[in-house]
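Residue strings, one per chain:
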Amino acid sequence: MKTAAATTEVRRPSAVRALTTLLAVTAAATVAVELLNWWYAPEREFGLAVRTGWAMLRSLGFLVLIGHVNRGRTGAKPFGLILAITTVFAMGRLVVPRQGMPPLPGLLGFALLTALCGAVVWLLYRSAAVAGHLVRHRKGLVVTGGTISWREVAPKRPPVTGWLLTSRVAAFTYSPLMLVPALVATGEILDGRPAAVPAVLFWFAAGIGVSYLVLFCTAFLMRGRRWARSLLVAITLGTLAVDLPLCWWLLGVDGLIRDGGPLLAAAAVSLYGLWRAGRAEGVEQADGNPG
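Quick caveat, the model's predicted, so the values are computed rather than measured.

J.: Please explain the overall build of the protein as it appears in this structure.
T.: Counting secondary structure elements, the protein contains 9 helices and 3 strands. Taken from N to C terminus, the helices and strands of the protein fall in the order β-α-α-α-α-α-β-β-α-α-α-α. For the protein, the residues scored as buried account for 42% of the 291 residues in total. Restricting to contacts in the protein with at least 6 residues of sequence separation, those with at least 24 account for 73%. Taken as a whole, the protein presents about 15,300 Å² of accessible surface, with 67% of it coming from carbon and sulfur.

Here it is as structure tokens:
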């Protein structure tokens, strides 16, 4: 049995090269702004350390996104959108101190990072060259006519809209966005609130459970099951109903804004994606059945 491999190289469009450079700059800027905020923070307490560490991981997310863009993956658009939105929210909650005005260097860094994330989203969704490049699916081993080849494998599921992919990616952020404030809340236990132990344990369990629910739901969502959309709406509302009250009770109004805000943003993107996908499919059906 022979082995074949594709060796053709195609020069990437200039817009795609600019996007990968912009993503690398954004990843570096993310780390720099986080360290700057940590340096100027008046109180380097446990909660700030957890939120800074989580925000730092987002720089790795931009590096992963570079890989998706270089490979021309279709999932780069929704991944980039959610990464940009949640990064801006994560930076925003680090810039604003508990008391007083935020330092000027932190504000300037936040403004720079917001502009970079905005430019990333603009290129992903407004550049025709980038859109023409991000059309590929994952690669895998394919056996045809006695020959093994490593090439693109089209998904077996029916085609789905980009908005459904956006909803899926947004929903996958629910679990980490719940677990971060739950970890922050462990500091409340250390500060002498043993009565909060059951609530924090429930918070952790709920965050882990949501990840499995989203995984199950989105598997059917990508296969065009209508009931999966209703289930994702229920999961989204249930996640908010659990996370936001716990943020307010254990972390106060400050925690509700800092940790509940990013989850609200992800939930809004997920629900909006479902709505846009349903609207697009309705238009397609109307065009196919004009009478």
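J.: How should I be thinking about the confidence of the model for the protein in this particular structure?
T.: Detailed reading of the predicted model is not advised wherever pLDDT is low. Confidence along the protein averages 82 in pLDDT terms, with 80% of residues attaining 70 or more. Considering each helix and strand of the protein separately, the mean pLDDT is smallest for strand 1 (residues 2-5), with a value of 44, and largest for helix 8 (residues 197-221), with 94. Predicted confidence is poor over residues 1-9, with pLDDT under 50, and the contacts of this stretch with residues over four places away or in other chains come to 10 contacts.

J.: Just to check I follow, could you spell out the pattern of salt bridges for this structure?
T.: Once the charged atoms of two side chains with opposite charge are near each other, the side chains can pair. Going through the model one piece at a time under the given rule, you end up with 1 salt bridge. Between Asp254 and Arg258 there is a salt bridge, with its nearest N and O atoms 2.7 Å apart. Of this pair, Asp254 and Arg258 are both found in helix 9 (residues 226-288), 4 residues apart, which corresponds to roughly one turn of the helix. Accessibility expressed as a relative area gives 23% for Asp254, which makes it partly exposed. Judged by relative accessible area, Arg258 falls into the buried class, the value being 9%.

J.: Just checking my understanding: could you explain the nonpolar core for this structure?
T.: Nonpolar side chains in soluble globular proteins tend to be buried together. Grouped together as the largest cluster of nonpolar side chains are 35 residues, with contacts concentrated most on Tyr174, Trp203, Leu221 and Leu250. Secondary structure elements with two or more residues in this core: helix 2 (46-71), helix 6 (162-172), helix 7 (174-190), helix 8 and helix 9. Among the elements that line this core, the one with the most residues is helix 9, at 13 residues. With sequence-adjacent residues up to four places away left out, Tyr174 is seen in contact with Val210, Val214, Thr236, Thr239, Leu263, Ala266, Ala267 and Ser270. Counting residues in hydrophobic clusters, the runner-up holds 28 residues, among them Ala27, Phe62, Leu94 and Leu116.

J.: Would you explain a nonpolar patch on the surface in this entry?
T.: Where nonpolar side chains cluster on the molecular surface, the patch consists of Trp248, Trp249, Val253 and Ile257 and spans about 480 Å² of accessible area. Its place among the elements puts Trp248 in helix 9. Judged by relative accessible area, Trp248 falls into the exposed class, the value being 52%.

J.: Help me out: how do you make sense of the packing of aromatic side chains in this one?
T.: What describes a pair of aromatic rings is the distance from one ring centre to the other and the angle between the planes of the rings. Overall, the coordinates contain 5 aromatic pairs when judged by the stated rule. Aromatic rings pair up to connect Trp163, Tyr272 and Trp275 into one cluster.

J.: Explain helix 8 here, please?
T.: Each full turn of the α-helix corresponds to 3.6 residues, which orients residues three or four apart in the same direction. Counted at 1.5 Å a residue, the expected span for helix 8 with its 25 residues is 36 Å, and the 36 Å between its end C-alpha atoms agrees. Along helix 8, the residues classified as buried are Ala199, Val200, Trp203, Ala206, Gly207, Val210, Val214, Cys217, Thr218 and Leu221.

J.: Where do I start with the packing of helix 3 (residues 76-95) against helix 4 (residues 104-126) in this structure?
T.: Closest axis-to-axis distance for the helix 3/helix 4 pair is 9 Å, and the angle between their directions is 170°. With respect to their mutual orientation, helix 3 and helix 4 come out roughly antiparallel. Residues Ala76, Lys77, Pro78, Gly80, Leu81, Ala84, Thr87, Val88, Met91, Gly92 and Val95 of helix 3 lie in contact with helix 4, whose contacting residues are Gly106, Leu107, Phe110, Leu113, Thr114, Cys117, Val121, Leu124 and Tyr125.

Reading the values: the criteria
- Just so you know, the residues in each chain are numbered from 1, in the order the chain's sequence is written.
- For a predicted model such as this one, the threshold for reporting local features is a pLDDT of at least 70, and the threshold for listing and counting side-chain atom pairs is 80 or more; totals across whole chains, interfaces and linings nevertheless cover every residue.
- Water and hydrogen atoms play no part in the side-chain values, which are based on all heavy atoms of the structure.
- Only DSSP runs of H or I reaching four residues or more are called helices, and only runs of E reaching two or more are called strands; each is numbered from the N terminus.
- Exposure classes here rest on a 1.4 Å probe applied to the protein chains alone. A residue is buried below 20% of its type maximum, exposed above 50%, and partly exposed in between.
- By definition, residues are in contact when any of their heavy atoms lie within 4.5 Å.
- In short, Shrake-Rupley with a 1.4 Å probe defines the accessible areas, and a residue's cover is counted only from the protein chains shown.
- Per residue, pLDDT captures the predictor's confidence, and it can take any value from 0 to 100.
- Salt-bridge detection follows one rule: a side-chain nitrogen of Lys or Arg within 4 Å of a carboxyl oxygen of Asp or Glu.
- Residue types Ala, Val, Leu, Ile, Met, Phe, Trp, Tyr and Cys, when buried and joined through side-chain atoms within 4.5 Å, form a set referred to as a nonpolar core.
- Each patch is built from residues lacking any salt bridge and having more than 30% relative accessible area; the joining distance is 9 Å for like charges and 5 Å for nonpolar side chains (Val, Leu, Ile, Met, Phe, Trp, Tyr).
- A pair of Phe, Tyr and Trp rings is counted when the ring centres sit within 6.5 Å of each other, with Trp represented by its six-membered ring. The angle between the planes then sorts it: under 30 degrees is stacked, over 60 is edge-to-face, the rest tilted.
- A helix is expected to span 1.5 Å multiplied by its residue count minus one.
- Here an angle of 0 to 180 degrees is reported between the N-to-C directions of two axes, which are lines fitted to C-alpha atoms, with helices fitted over the stretch in contact.
- Note on terminology: angles under 35 degrees are roughly parallel, angles over 145 are roughly antiparallel, angles of 65 to 115 are roughly perpendicular, and the others are oblique.

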